[in-house]
Amino acid sequence: MSRILYLLMSFIVAGIVASCGRAAYPLVSVDVAGLYPEKNVAYKFLDNQIDSTDYWVIGTFEADLEAARSFNMALDAVCYKARKRGADCIVVREKVVDPANGKLVAVRGVVALLPDSIHEVVRRNIQMGLE
Amino acid sequence: MKNIHLIIFPFVFLLLSCAEYRVSTRFVRSFDSVDSDSVIVLQQEAVMPSSVDTIGTVTVKSTLLKSAEARTILSAAVAATAEAGGNVLKLTKVDYRDHPEVSYHVMAVAARSSGEWQPEQSAICMPYASLLPYEERNLSVSELAEYLRKRPLRNTVSLTVGFDGLCSDVTYPGNMYGFRGGLNWRAEYYHCLDLFAFGFVYDGAYSSFANDYYQQFAYFGPQMMLHGHIAQRWRLRFGAGLGYCMLQDNEGLNHGIGAELCGGIEYLVSRRVGLGVNVHNITGSISGEKGYFLFDNDGRWLLHRFAVTAGLNIHF
């Protein structure tokens, strides 16, 4: 009997921990077509910070900000997934605002590769991204 | 006889499962091998030009029990193509699995262009070298493998236990000691950068003396380290730290400040698990009046401890 109680308690604790973790980390999806080696770093840009001819789009992303603690935290999660899928940078193209309360609820954009010609420039000058 | 199969089958299965991936190739033509970095990788959406001749197919699959990252899978496909003399790799099917770990299965066509074809570089048509992370572009495939192997995992937890030597004079009723051996246990966590690491260390020691006297010592503090590989599976590290130390014996508890110097060598059993031997020296300045130590006029006792410990290092 005590073992069953122990198992039950373990499941409850695991469930609480999992739901806390779920609340702490935003829901993000990164969709990349093709096979690109994972990168060590991925930079963040707003659409107006980088010219669309300066990167090659390889996929899209979407982040649900309702589960995120902050905008930057959501983008960090996107960056992590994007660089694992081989992207050099993410570019935020659309911010979805809830008309009822004016709150930012989602972010959409593209994940991209940076050509050699501007990679060094980006690394030196635009690296700040959204920070 | 049936029993032999029962033994061989799991053995072969385990052997195959130990590899990260399996490469199968089928070439109908082959040429002198070419440089891997120059192989053009065409993604699935790219159109293969008519001037490029197909020479065979390449399939790379993550094994059942281990997952291989995209870089590993792609470099294997490119290496197989380059070895057969192909300079174009056209991906035909990419299966991506996100859970429980990222892994890929790739099918591709290996081809050879006559040299007239000058592809315009884009996201779906790039030389293999340009697909690699910017910091690693100029590395060959073998150098890249070396780079990845040597790239440390960023966090390490080390748990060791061993011999402790108290090298300071201490007097207990009826006996005076200049050296006393004991037991030492140690837990470390550090975050690694390429050459430096920083973290925290907890060090505990216990020495027993005649007539049931004992001395228990603990040190806790931040630590800075230099670390690096000296061979494929061997790593060295040297560190220093400053922290709080605590000494308890039959008479009571005393506190102080300690400084630590440490060095260690580690044998990596796998990328994540290592067996290490550490040598460290802690010098502590213990203040107080309780205890049988030879306190100086300022009420301080200078303590030297030397320890050799061995144990497990876990990298993640």
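Below, the structure is looked at part by part.

**Some thoughts on the interface of chain A and chain B**
Moving on, step 1. Facing 21 residues of chain A, the contacting portion of chain B comprises 29 residues.
Moving on, step 2. Regarding the contact of chain A and chain B, the summed buried area is about 2100 Å², with carbon and sulfur atoms giving 53% of it.
Moving on, step 3. Our count for the chain A to chain B interface comes out at one salt bridge.
Moving on, step 4. Notably, a salt bridge pairs Glu38(A) with Arg71(B), separated by 3.8 Å at the nearest N-O pair.
Moving on, step 5. Those elements that place two or more of their residues in the side of chain A that touches chain B are strand 3 (56–64), helix 2 (71–84) and helix 3 (116–126) of chain A.
Moving on, step 6. The element contributing the most residues to the side of chain A that touches chain B is helix 3 of chain A, with four residues.

**Description of the packing of aromatic side chains**
For any two aromatic rings, the description comes down to two numbers: the centre-to-centre distance and the angle of the planes.
All names here are of chain B.
Moving on, step 1. In the structure shown here, the tally under the stated rule is three aromatic pairs over all chains.
Moving on, step 2. A centroid spacing of 5.9 Å and a plane angle of 5° characterise the contact between Phe200 and Phe220, whose relative ring orientation is stacked. Remark: Phe220 occurs in strand 12 (residues 214–229) and Phe200 occurs in strand 11 (residues 196–208); sequence separation between them is 20 residues.
Moving on, step 3. For Phe200, a relative accessible area of 44% translates into the label partly exposed.
Moving on, step 4. Pairing Trp234 with Tyr267 gives two aromatic rings, centres 5.0 Å apart and planes at 55°, and the pair type is tilted. Here Trp234, found in strand 13 (residues 234–249), pairs with Tyr267, found in strand 14 (residues 252–268); they are 33 residues apart in sequence, far enough to count as distant.

**Section: the pattern of salt bridges**
Moving on, step 1. Overall, the coordinates contain 12 salt bridges over all chains when judged by the stated rule.
Moving on, step 2. A salt bridge links Asp88(A) to Lys39(A), with the nearest nitrogen and oxygen atoms 3.3 Å apart. Highlighted residues: Asp88(A) in the loop between helix 2 and strand 4 (89–98) and Lys39(A) in the loop between strand 1 (27–32) and strand 2 (43–46), separated in sequence by 49 residues. Lys39(A) shares its class with Asp88(A); the two are buried.
Moving on, step 3. Salt-bridge contacts for Arg235(B) lead to Glu266(B); the nearest nitrogen and oxygen are separated by 3.9 Å. A residue pair is termed long-range when its members are at least 10 positions apart, and Arg235(B) in strand 13 and Glu266(B) in strand 14 qualify at 31 residues. Take Arg235(B) and Glu266(B): they sit in the same class, and that class is buried.
Moving on, step 4. What you see here is one network of salt bridges that share partners, running through Arg186(B), Glu188(B), Asp203(B), Arg237(B) and Glu260(B).

Rules behind the numbers
Residues numbered from 1 in each chain as written. Chains lettered and ligands numbered in written order. Predicted model: local features only at pLDDT ≥ 70, side-chain atom pairs only at ≥ 80, totals over all residues. Heavy atoms only, no water. Contact = heavy atoms within 4.5 Å. Buried area = accessible area lost by both parts, 1.4 Å probe. Salt bridge = Lys/Arg side-chain N within 4 Å of Asp/Glu carboxyl O. Helix = DSSP H or I, 4+ residues; strand = E, 2+ residues; numbered from the N terminus. Phe/Tyr/Trp six-rings, centres within 6.5 Å; stacked < 30°, edge-to-face > 60°. Buried < 20%, exposed > 50% of the residue type's maximum accessible area, 1.4 Å probe, protein only.

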